[in-house]
Amino acid sequence: MSISIQPSELSKKLIEEVKSQFGIVPPHFEIFAVVNPERFKIFLDEIVYLSNHKSIDPDLFAFLRLYTAKREGFSYCQLFNIKLLLSKGYTKDEIEKSMSDIEAIPLDDRHKALAKNALKVIFSPQTFNDEEIESLLSLGWSHSDVYDAVDHIAYLLRHGRVIQVFLKNYFV
């Protein structure tokens, strides 16, 4: 059964903001904005925060989203992040390799270590230990940086699962 809802004024405003910033509005963004515009605003604020991160290259977050989206089958998220990374000058080959091997991301070793360990915290938490935290700290990452990387993956998983349900049931 499909459910149809109409966008509110706030939804329309947020959708226009996304369109002006990215040139397009991915379907999952539009659905999220219509279903819950207040929460979508929080989601956009998260993206803005990460894109202006004080110590982590913002592209790392796109590579983390892409890797996680492929692993979890979030095709809408894969397409969006592939387009985003291509627009930033990464090659198709670099992007494809990083989708299967996070250590293949075309960033420095420090960012690769943060990405690898952030994914480990989420997907294999029982194997993550104090030594890995100390290793990240010795590379110059702060506890806050590690938290931001780990939290972003968890954030994506949560929203990805919810959006998958709404993609099946809602039309914008």
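Preceding this section is the structure that the text describes.
Now for a look at the structure at hand. Bear in mind that the values here come from a model prediction, so they are computed numbers and not experimental data.

### Quick word on empty space enclosed by the protein
Here is step 1: If you walk through the whole model with that rule in mind, you get one cavity of 30 Å³ or more.
Here is step 2: Reported here for the largest cavity is a volume of approximately 160 Å³.
Here is step 3: Lining of the largest cavity is provided by 16 residues; of these, His28, Phe29, Phe43, Cys77 and Leu156 occupy positions nearest its centre.
Here is step 4: For the lining of the largest cavity, the secondary-structure elements that each account for two or more residues are helix H2 (27–35), helix H3 (37–51), helix H5 (75–87) and helix H9 (143–169).
Here is step 5: If you tally residues by element for the lining of the largest cavity, the top one is H9, at six residues.
Here is step 6: Considering only residue class, the lining of the largest cavity consists of ten nonpolar, five polar and one charged.

### Digging into the nonpolar core
Here is step 1: In terms of nonpolar packing, the biggest core is built from 49 residues, with Phe40, Phe43, Leu60, Leu64 and Leu114 touching the most fellow members.
Here is step 2: Within the residue set of this core, elements represented by two or more residues are helix H1 (9–22), H2, H3, helix H4 (58–72), H5, helix H6 (92–100), helix H7 (109–123) and H9.
Here is step 3: Sequence-distant contacts of Phe43, defined by excluding residues within four places in its chain, comprise Phe29, Phe32, Tyr155 and His159.

### Quick look at the packing of H1 against H3
Here is step 1: The interhelical angle for the contact between H1 and H3, taken along N-to-C directions, is 25°, at an axis separation of 9 Å. With respect to their mutual orientation, H1 and H3 come out roughly parallel. Taken as a pair, H1 and H3 cross one another with a handedness that is left-handed. In this structure, H1 contributes Leu10, Ser11, Leu14 and Val18 to the contact, and H3 contributes Pro37, Glu38, Phe40, Lys41 and Leu44.
Here is step 2: By residue class, the composition of the contact of H1 with H3 is six nonpolar, one polar and two charged.

### Examining the layout of surface pockets
Here is step 1: Approximately 210 Å³ is the volume found for the largest pocket.
Here is step 2: If you trace the largest pocket, you find 14 residues lining it, with Phe22, Ile47, Ser51, Arg65 and Leu84 closest to the centre.
Here is step 3: Of all elements in the fold, only H1, H3, H4 and H5 reach the threshold of two or more residues within the lining of the largest pocket.
Here is step 4: Broken down by element, the residue count for the lining of the largest pocket peaks at five residues, all from H4.
Here is step 5: Counted as a void, the second largest pocket has a volume near 160 Å³.
Here is step 6: Forming the boundary of the second largest pocket are ten residues, of which Phe32, Asn36, Arg39, His159 and Val162 lie nearest the centre.
Here is step 7: Looking at the lining of the second largest pocket, the elements with two or more residues in it are H2 and H9.
Here is step 8: Element by element, the count of residues in the lining of the second largest pocket is highest for H9, at five residues.

Rules of the game
- Residues numbered from 1 in each chain as written.
- Predicted model: local features only at pLDDT ≥ 70, side-chain atom pairs only at ≥ 80, totals over all residues.
- Heavy atoms only, no water.
- 1 Å grid on protein atoms, 1.4 Å probe; cavity = no way out; pocket = protein on both sides within 12 Å on 5 of 7 lines; lining within 4 Å.
- Points joined across faces, edges and corners; volume = space filled by probe spheres on them.
- Helix = DSSP H or I, 4+ residues; strand = E, 2+ residues; numbered from the N terminus.
- Nonpolar A, V, L, I, M, F, W, Y, C, P; charged D, E, K, R; others polar.
- Core = buried A, V, L, I, M, F, W, Y, C linked by side-chain atoms within 4.5 Å.
- Buried < 20%, exposed > 50% of the residue type's maximum accessible area, 1.4 Å probe, protein only.
- Contact = heavy atoms within 4.5 Å.
- Axes fitted to C-alpha atoms, helices over the stretch in contact; angles between N-to-C directions.
- Parallel < 35°, antiparallel > 145°, perpendicular 65-115°, else oblique.
- Left-handed = near helix turned anticlockwise from the far one by under 90°.

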